[in-house]
Amino acid sequence: MKKISQNLLETLRKYDTPTIVNSLELLDSKFRTSGFTTEQLVCTDTSLPPIVGYARTATISATNEIDQQIKRDRSLAYYQYVSSGTGPWVSVIQDIDQNPGLGAFWGEVNSNIHKALGVIGVLTNGSVRDLDVLSEGFQVLAGKIGPAHAYVRIEETGIPVSIFGMEVKHNDLLHADQHGAVVIPAALSEKLPKAIELMISREKVILDACKRDDFNYEILRQAILKSNKLKLKIRSKIISTKTIKT
């Protein structure tokens, strides 16, 4: 994926992931049902801002022991890969075991290693542990919490992965927070700020109406109608008909 500007990255960090998904829906209707995670994730620090960065992918397994030299070589190759190119990077690791999360790849050591390498966070269907000593400022979104590491190790690096229904490839642009994650297509990234502005303005019409002392059904009805008109008016200015699939 072509890198987006630092200004756009900073803009996207200002909004939570539900706002990003809602705004992507205005650009492509597929985001009503796909492109995002569909299972609850454990967020280790809800005070952190959303993570926005480029995917570095891998798979892990923890069910059986392998040769220690092979394990070390795979780990080193992964660490070299995960810090390659121009960040910010988000590690996206799929636990491919039948029972994902048996062994936690993420804990005190790996959170510190990844943060030091320039990775801003991780998205995984596997487990996390060491919650009280994770690297400060490093976000972990995991499938579960667990106490053990079992025989966990890297299997493959840089391959397409799937995290709770969301398909991710190397260098995909991700937006993630305590609600989950979504992949932002390159073709839509530049249009996203305007779509966010539209989505927020539409919601504001209804939210402002709800705050009125004289709020009632008729005021709500008028607000909803106004919101729908605003959607049609503004969307036509920022989105081509080739993009919209509603």
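Residues numbered from 1 in each chain as written. Predicted model: local features only at pLDDT ≥ 70, side-chain atom pairs only at ≥ 80, totals over all residues. Heavy atoms only, no water.

Novice: Would you mind going over helix 1 (residues 6–13) with me for this structure?
Specialist: Residue pairs three or four apart in sequence face the same way in an α-helix, which turns once every 3.6 residues. When we look at burial in helix 1, the residues that qualify are Leu8, Leu9 and Leu12. Each buried residue of helix 1 lies within a common arc of 105° when the element is viewed along its axis, so the set occupies one face. Close packing links the buried residues of helix 1 with helix 2 (17–27), strand 2 (51–61), strand 11 (173–177), strand 12 (180–184), helix 5 (186–189) and helix 6 (192–210). (Buried < 20%, exposed > 50% of the residue type's maximum accessible area, 1.4 Å probe, protein only. Helix = DSSP H or I, 4+ residues; strand = E, 2+ residues; numbered from the N terminus. Arc of directions from axis to C-beta. Contact = heavy atoms within 4.5 Å.)

Novice: I tried to follow the pairing of strand 11 on my own but got confused; where do I start?
Specialist: For a regular strand, the rule is simple: side chains alternate between the two faces of the sheet. For strand 11, the tally of buried residues reaches 5 of 5 residues, placing the bulk of the element in the interior. Here strand 11 shows a buried face lined by Leu173, His175 and Asp177 and a second buried face lined by Leu174 and Ala176. Where strand 2 meets strand 11, 4 bridges bridge the pair, whose relative direction is antiparallel. Its bridge partner lying in strand 11, valine 52 is registered against histidine 175. Examined bridge by bridge, strand 11 and strand 12 share 5 bridges and lie antiparallel to one another. Directly across from leucine 173, in strand 12, lies its bridge partner isoleucine 184. Count of turn residues in the strand 11/strand 12 antiparallel hairpin: 2 residues. (Pairing = 2+ DSSP bridges.)

Novice: Even after reading the chapter, I still don't get the pattern of salt bridges, so can you show me in this structure?
Specialist: Pairing is possible between side chains that carry opposite charge, provided their charged atoms lie close to one another. Applying the stated criterion across every chain, the model contains 9 salt bridges. A salt bridge links glutamate 197 to lysine 194, with the nearest nitrogen and oxygen atoms 3.8 Å apart. With glutamate 197 and lysine 194 both in helix 6 and 3 residues apart, the pair spans about one turn of that helix. The partly exposed category is assigned to lysine 194, whose relative accessible area is 46%. Salt-bridge contacts for aspartate 208 lead to lysine 204; the nearest nitrogen and oxygen are separated by 2.6 Å. Note that aspartate 208 and lysine 204 are positioned in helix 6 at a spacing of 4 residues, about one turn of the helix. For lysine 204, a relative accessible area of 48% puts it in the partly exposed group. Linked through salt bridges whose partners overlap, the residues forming this network are Arg74, Arg153 and Glu155. (Salt bridge = Lys/Arg side-chain N within 4 Å of Asp/Glu carboxyl O.)

Taken by themselves, the reported measurements are silent on function.
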